[in-house]
Amino acid sequence: MSMSSRQIELLAPAGNFQGFIGGLNGGADAFYLAGTKFGARAYADNFTEEEMKEVLFLAKLFDKKVYLTVNTLLKNTEMKELYDYIKPLYELGLTGVIIQDFGVFEYLKRHFPGLELHASTQMSVTSLEGAKYLEEAGAKRVVLARELTLKEVKEITAAGIETECFIHGSMCYCYSGQCLFSSLIGGRSGNRGRCAQPCRLPYQTNGKDGYCLSLKDMCTLEHIPDLIDAGITSFKIEGRMKNPAYAAWVTGIYRKYMDMYLNH
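The rules behind the values
Residues numbered from 1 in each chain as written. Predicted model: local features only at pLDDT ≥ 70, side-chain atom pairs only at ≥ 80, totals over all residues. Heavy atoms only, no water. Helix = DSSP H or I, 4+ residues; strand = E, 2+ residues; numbered from the N terminus. Buried < 20%, exposed > 50% of the residue type's maximum accessible area, 1.4 Å probe, protein only. Areas by Shrake-Rupley, 256 points an atom, 1.4 Å probe, with all protein chains shown as cover. Phe/Tyr/Trp six-rings, centres within 6.5 Å; stacked < 30°, edge-to-face > 60°. Salt bridge = Lys/Arg side-chain N within 4 Å of Asp/Glu carboxyl O. Axes fitted to C-alpha atoms, helices over the stretch in contact; angles between N-to-C directions. Parallel < 35°, antiparallel > 145°, perpendicular 65-115°, else oblique. Left-handed = near helix turned anticlockwise from the far one by under 90°. Contact = heavy atoms within 4.5 Å. Nonpolar A, V, L, I, M, F, W, Y, C, P; charged D, E, K, R; others polar. Core = buried A, V, L, I, M, F, W, Y, C linked by side-chain atoms within 4.5 Å. Patch = residues over 30% accessible without salt bridge, like charges linked within 9 Å, V, L, I, M, F, W, Y side chains within 5 Å.

The helix and strand inventory of the protein chain stands at 9 helices and 11 strands. If you line up the protein chain on its principal axes, its C-alpha atoms span 55 × 45 × 40 Å. Counting over 264 residues, the protein chain shows a buried share of 49%. Summing over all exposed atoms, the protein chain offers an accessible surface of approximately 13,200 Å²; the carbon and sulfur share of this is 53%.

Shown next, in the form of structure tokens:
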């Protein structure tokens, strides 16, 4: 397959309806977003059911894909809500669901045939064996841990496994977002979508104040050729908590340079 004919997806964040429109104008191929439940960004505006229906209508009109984040850890009492939450969106053509909880993964596989199941980066997939296991379990795509090297990513894509990798945005100081810091000091769990981001605060070390836990944002523009050549299927931009202008501009810039490399 020639490079120009290979399907590479640019995946934009949509924290609200305006963010979706921003990413659409920026040239995104697909969007990831959350409704009113089970999303890892509970403090984003997110989408009402009516807004979700409109997004799915526009996505179909413009031939775009939409992935719903169901990427928190669910409790037993919440599983009964899951079916009624997913069913109307599934019937309207939702492309897929991004999942952290393996119980949710098995439940959706059983009840919604044909719905793409994507293993969230919070499943901490860091090896070829882990990716193979999820593919055999029914995952259409594996969102790889951000800690992997490009060489490790290539080993997974070379096995024919569909992968998604973050290319831009905020970085978590903890391994694949598996963090209990917010829970311990504030009673708000990141694994339940309510991280208070204590790692972004200043702390004192050796008598000096500083942001010792806050990482710089990721920006991979100069590495686009290497990322494309690595065989990654979907290039993911982080940012559901950011404003619509961010979604539009960042998506547009990556669209420009991805197309330049693919076409020339």
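With that settled, the discussion passes to the packing of aromatic side chains. Scanning all chains against the criterion turns up 9 aromatic pairs. With 6.3 Å between their ring centres and 75° between their planes, Tyr-173 and Phe-181 make a pair best called edge-to-face. Note on Tyr-173: relative accessible area 34%, which makes it partly exposed. Each member of the aromatic cluster is reached from another via a ring pair, and the members are Phe-17, Phe-20 and Phe-31.

Here we take up the pattern of salt bridges. One pass over the structure, following the stated rule, counts 13 salt bridges. Ionic pairing is found between Glu-9 and Arg-141, a salt bridge with its closest N-O pair at 2.8 Å. A residue pair is termed long-range when its members are at least 10 positions apart, and Glu-9 in strand S1 (residues 9–13) and Arg-141 in strand S6 (residues 141–143) qualify at 132 residues. Accessibility expressed as a relative area gives 7% for Glu-9, which makes it buried.

Attention now goes to the packing of helix H1 (residues 17–26) against helix H9 (residues 244–263). For the pair H1 and H9, interaxial distance at closest approach is 7 Å and the crossing angle is 20°. Between H1 and H9, the interaxial angle falls into the category roughly parallel. At the point where H1 passes H9, the crossing takes the right-handed sense. Along its contact with H1, which presents Gln-18, Gly-19, Gly-22, Gly-23 and Gly-26, the element H9 presents Pro-244, Ala-247, Ala-248, Thr-251, Gly-252 and Arg-255. Taken together, the residues of the contact of H1 with H9 break down into 3 nonpolar, 7 polar and 1 charged.

Moving on to the environment of Trp-249. For Trp-249, the location among the structural elements is in helix H9. Residue Trp-249 is classed as exposed on the basis of its relative accessible area, which comes to 65%. For the pair formed by Trp-249 and Gly-103, sequence separation is 146 residues and the distance between their alpha carbons is 37 Å.

Time to look at unusual backbone geometry. Even without being glycine, Phe-38 reaches a positive phi, approximately 65°. Residue Phe-38 is classed as buried on the basis of its relative accessible area, which comes to 10%. Look at Asn-206: it is not a glycine, yet its phi comes out positive at around 55°. Its place among the elements puts Asn-206 in the loop between strand S8 (203–205) and strand S9 (208–210). Owing to a relative accessible area of 81%, Asn-206 belongs among the exposed residues under this scheme.

Moving on, we get to the nonpolar core. One recurring pattern in soluble globular proteins: nonpolar side chains tend to sit buried together. Among the nonpolar cores identified, the biggest contains 63 residues, and Phe-20, Leu-68, Leu-82, Ile-86, Leu-108 and Phe-235 are the most heavily contacted of them. Formed by 5 residues, the second largest nonpolar core is a distinct cluster that contains Leu-11, Ala-30, Tyr-67 and Ile-98.

Time to look at a nonpolar patch on the surface. Nonpolar side chains collect at one region of the surface, where Leu-221, Ile-253, Tyr-257 and Met-260 lie side by side and expose about 320 Å² of accessible area between them. Within the fold, Ile-253 resides in helix H9.

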